[in-house]
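# Structural overview
Now for the letters of each chain:
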Amino acid sequence: MPRPRSLTLPGIADAALTVIEREGLAALSMRSVASALGMGTMSLYRYVEGREALESLVVDAVMRDVRLPGPGGDTPWTERVKTLLGQVRGAVARHPCVAPLVLTRRHCTEGTLAWAEALLALLTEGGFEGLGRLVALRTLVSHVFGSVQLMHLGALSGEGTAALTQLDAGRHPLLRQTAGDARRLPPDEEFRRGLDVVLLGLEATLSRR
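Residues numbered from 1 in each chain as written. Predicted model: local features only at pLDDT ≥ 70, side-chain atom pairs only at ≥ 80, totals over all residues. Heavy atoms only, no water.

On a plain count of helices and strands, the protein chain comes out with eleven helices and zero strands. Helices (α) and strands (β) of the protein chain occur, in sequence order from the N terminus, as α-α-α-α-α-α-α-α-α-α-α. Along the first, second and third principal axes, the C-alpha set of the protein chain runs to 65 × 45 × 25 Å. Taken across its 209 residues, the protein chain has 37% of its residues classed as buried. Within the protein chain, residue pairs in contact and separated by at least 24 positions form 69% of the contacts whose partners lie at least 6 positions apart. Accessible area for the protein chain stands at about 12,000 Å²; split by element, carbon and sulfur atoms hold 55% of it. (Helix = DSSP H or I, 4+ residues; strand = E, 2+ residues; numbered from the N terminus. Buried < 20%, exposed > 50% of the residue type's maximum accessible area, 1.4 Å probe, protein only. Contact = heavy atoms within 4.5 Å. Areas by Shrake-Rupley, 256 points an atom, 1.4 Å probe, with all protein chains shown as cover.)

Written out as structure tokens, the structure reads:
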């Protein structure tokens, strides 16, 4: 099989991402990516060491459009957190099948290390340190990835919400009412309002120290 004339790491990442989105994360392999690139499997090893390297390339490709916050000026740290995490969520939401890799490869992909470091810097600016900063970081990351999972597995616009609106009002009045409200809440607004709640809660922990 002829070798492509110009093979780059971003090109390999795009091919790997195509494999994942077409066949699922379990289908990612040196063989499947080589096939997508029109080359032999052993030839691909000249560019990447194996599946783990492919995973890291994919994560960096997904995260490459995330812009890190600059100097804050008069912008509160909480607003810069919202901007940063909105970008991270958007990147992952465009490729939800890659979400597990963003978490499992968080220690060795520059794209993930960069925004995590930036988030920690913002939390430090906000007054967090030590274990409090760690918990704040993990809480915010959980909100981002939980939002992506909910959007694709339990969207408020889905059949599950519609079914909840038909529950017996005598047995489940609050579920029925809340489901009715939920159908009017777009996913982006759900994320933003949830993030507001999380940040207010985190700020409250600072005042109790």
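Another aspect to go through is the pattern of salt bridges. Per the counting criterion, the structure on display carries eleven salt bridges. As a salt-bridge pair, Glu-55 and Arg-105 come within 3.9 Å of each other at their nearest N and O atoms. Linking Glu-55 in helix α4 (residues 51-63) with Arg-105 in the loop between α6 (99-104) and α7 (110-125), this pair joins segments that are 50 residues apart in sequence. For the pair shown, Glu-55 and Arg-105 are each scored as buried. (Salt bridge = Lys/Arg side-chain N within 4 Å of Asp/Glu carboxyl O.)

Relative accessible area serves as the criterion here: at 11%, Glu-55 is assigned to the buried category. Non-local contacts of Glu-55, meaning those with residues more than four positions away in its chain, are made with Leu-28, Leu-101 and Arg-105.

In this structure, Ile-12, Val-33, Leu-44, Leu-85, Trp-115, Leu-119 and Leu-140 are the most contacted members of the largest nonpolar core, which totals 55 residues. Where this core is concerned, the elements lending two or more residues are α1 (9-23), α2 (30-37), α4, α5 (77-94), α6, α7, α8 (130-153) and α11 (187-207). If you tally residues by element for this core, the top one is α5, at eight residues. Here Trp-115 is in contact with Met-63, Val-66, Leu-68, Leu-84, Leu-85, Val-88, Val-141 and Phe-145, once residues within four sequence places are set aside. (Core = buried A, V, L, I, M, F, W, Y, C linked by side-chain atoms within 4.5 Å.)

So, on to α5. Under the 1.5 Å per step criterion, the end-to-end length of α5 is 26 Å for 18 residues, consistent within 8% with the ideal 26 Å. Residues of α5 that are buried include every one of Trp-77, Thr-78, Arg-80, Val-81, Leu-84, Leu-85, Val-88, Arg-89, Gly-90, Ala-91, Val-92 and Ala-93, and no others. Packing partners of the buried residues in α5 comprise α4, α6, α7, α8 and α11. (Expected span 1.5 Å × (residues − 1).)

Take the packing of aromatic side chains next. Considering all chains together, one arrives at one aromatic pair under this definition. On the numbers, 5.9 Å between centres and 75 degrees between planes, the contact of Trp-77 with Phe-128 is edge-to-face. Of this pair, Trp-77 sits in helix α5 while Phe-128 sits in the loop between α7 and α8; the two residues are 51 residues apart in sequence, bridging distant segments of the chain. Each member of the pair Trp-77 and Phe-128 is classed as buried. (Phe/Tyr/Trp six-rings, centres within 6.5 Å; stacked < 30°, edge-to-face > 60°.)

Attention now moves to the packing of α1 against α4. The contact between α1 and α4 brings their axes to 8 Å, and the two run at 95 degrees. As far as their axial angle goes, α4 and α1 are roughly perpendicular. Contact with α1, carried on its side by Leu-9, Ile-12, Ala-13, Ala-16, Leu-17 and Ile-20, involves Leu-54, Leu-57, Val-58, Ala-61 and Val-62 of α4 and no other residues of that element. Class assignment of the residues belonging to the contact of α1 with α4 gives a composition of eleven nonpolar, no polar and no charged. (Axes fitted to C-alpha atoms, helices over the stretch in contact; angles between N-to-C directions. Parallel < 35°, antiparallel > 145°, perpendicular 65-115°, else oblique. Nonpolar A, V, L, I, M, F, W, Y, C, P; charged D, E, K, R; others polar.)

With that settled, the discussion passes to α8. Compared with the 34 Å implied by 1.5 Å per residue over 24 residues, the 34 Å span of α8 between its first and last C-alpha is a close match. Buried within α8 we find Ala-136, Leu-137, Leu-140, Val-141, His-143, Val-144, Phe-145, Ser-147 and Val-148.

Right, let's get into the layout of surface pockets. In this structure, the largest pocket spans a volume of roughly 360 Å³. Every residue lining the largest pocket is counted, 15 residues in all, and those nearest its centre are Arg-106, Ala-116, Leu-137, Arg-138 and Val-141. Sorting the residues of the lining of the largest pocket by element identifies α6, α7 and α8 as the ones contributing at least two each. Split into classes, the residues belonging to the lining of the largest pocket amount to ten nonpolar, two polar and three charged. (1 Å grid on protein atoms, 1.4 Å probe; cavity = no way out; pocket = protein on both sides within 12 Å on 5 of 7 lines; lining within 4 Å. Points joined across faces, edges and corners; volume = space filled by probe spheres on them.)

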